[in-house]
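Chain by chain, the residues run as shown.
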Amino acid sequence: GWSCQSQEPAWTLIPAVAGDTIPRDCPIPETGSPARTPSTPLDARPSESHSGDGWFRDHWGSDMPKYETKDIRNLTLVGHGDSGKTSISELMLFKAGAVARQGKVEDGTSVLDSDPEEKSRKISIDLGVAHFTWKGKEVNLLDAPGYPDFAGEGIAAMAAVETAVLCIHAANGVMVNTRKMWEQATKRGIARAILVNKMDVENVDWAKTLRQIQETFGQNCLPVFLPIGQAGSFKGVVNVLEPPAST
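All values reported here derive from a predicted model rather than from experimental measurement.

Caption draft 1: Here's a closer look at the nonpolar core. Of all hydrophobic cores here, the largest spans 27 residues; its most connected members are Val78, Leu166, Ile194, Val196, Met199, Ile213 and Phe217. Counting residues per element, the ones that place at least two in this core are helix H4 (151-157), strand E4 (163-169), helix H5 (176-188), strand E5 (191-197) and helix H6 (206-217). Counting residues per element, this core draws most heavily on H6, which supplies four residues. Counting residues in each nonpolar core, the second largest holds 16 residues, with Leu77, Met92, Leu112 and Leu141 among its members.

Caption draft 2: A look at the layout of surface pockets. There is about 380 Å³ of room inside the second largest pocket. In this structure, the second largest pocket is lined by 23 residues; those nearest its centre are Asp82, Gly84, Ser87, Val105 and Lys122. Classifying every residue of the lining of the second largest pocket by side-chain character gives six nonpolar, 10 polar and seven charged.

Caption draft 3: Structural detail: the packing of aromatic side chains. What the rule picks out here adds up to one aromatic pair. Seen from the ring of Trp182, Arg192 lies directly overhead, with NZ or CZ sitting 4.7 Å from the centre.

Caption draft 4: Helix H2 (residues 85-95), seen in detail. Along H2, eight of the 11 residues are buried, which leaves the element largely enclosed by surrounding structure. Along H2, the residues that are buried comprise Lys85, Thr86, Ile88, Ser89, Glu90, Leu91, Met92 and Leu93. Residues of H2 that are buried sit in contact with strand E1 (72-79), strand E2 (128-134), strand E3 (137-143), E4 and E5.

Caption draft 5: How the structure looks around a nonpolar patch on the surface. Taken together, the side chains of Leu226, Val240 and Leu241 present a nonpolar region at the surface, about 240 Å² in accessible area. Accessibility expressed as a relative area gives 34% for Val240, which makes it partly exposed.

Conventions used here
Residues numbered from 1 in each chain as written. Predicted model: local features only at pLDDT ≥ 70, side-chain atom pairs only at ≥ 80, totals over all residues. Heavy atoms only, no water. Core = buried A, V, L, I, M, F, W, Y, C linked by side-chain atoms within 4.5 Å. Buried < 20%, exposed > 50% of the residue type's maximum accessible area, 1.4 Å probe, protein only. Helix = DSSP H or I, 4+ residues; strand = E, 2+ residues; numbered from the N terminus. 1 Å grid on protein atoms, 1.4 Å probe; cavity = no way out; pocket = protein on both sides within 12 Å on 5 of 7 lines; lining within 4 Å. Points joined across faces, edges and corners; volume = space filled by probe spheres on them. Nonpolar A, V, L, I, M, F, W, Y, C, P; charged D, E, K, R; others polar. Phe/Tyr/Trp six-rings, centres within 6.5 Å; stacked < 30°, edge-to-face > 60°. Lys NZ or Arg CZ within 6 Å of the ring centre and 35° of its normal. Contact = heavy atoms within 4.5 Å. Patch = residues over 30% accessible without salt bridge, like charges linked within 9 Å, V, L, I, M, F, W, Y side chains within 5 Å. Areas by Shrake-Rupley, 256 points an atom, 1.4 Å probe, with all protein chains shown as cover. Salt bridge = Lys/Arg side-chain N within 4 Å of Asp/Glu carboxyl O.

Rendered as structure tokens:
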């Protein structure tokens, strides 16, 4: 995994493993844009017979956590199909303690792919929505389908977030929907992050993937997390901004 930062709205490149590891100290991208929160659903708004705060306490509980706008992050995972967006989302939920068991796309236990057709096809068709708390921040997560037929879901997600995380399959590199989602995020002026996933699969060439990303999205795309090995020898990542002490 690696992380790139740009002088345009901040974005980060983070390489990761196909099935698991995101570093627990991996920072949530900070953005200059204020977080936007979804409006209250119509059926959850107090009617004239309810008393505002009291109604919400009765329905949601007095211990419901409260977050200031500055502590809310809204982000979407976008990119081409099979880049591992849903698997990364499921891992985020598990690591944050939002779910007791990590969902798997391949065995139909994914929280975000809840539709029977998604489970049978093992692909995302609709936009998945989840939230979790990480280091005092409330994160609203949108998991977008990656195949071009469903690209509209990813484009729609960008209207509700201030950060787009562009997932790239380490062996396949930049593909059609990768470019399309980058263009849409650029058009909307939201922060962008690139996450290079599946560093442990066969035929991964890290140097080639990095070169392709820089040629496609700009030379100012510089790794923040570097992989330790690749393919069968992949062992993890190192944060170049906070390198481990030499021994």
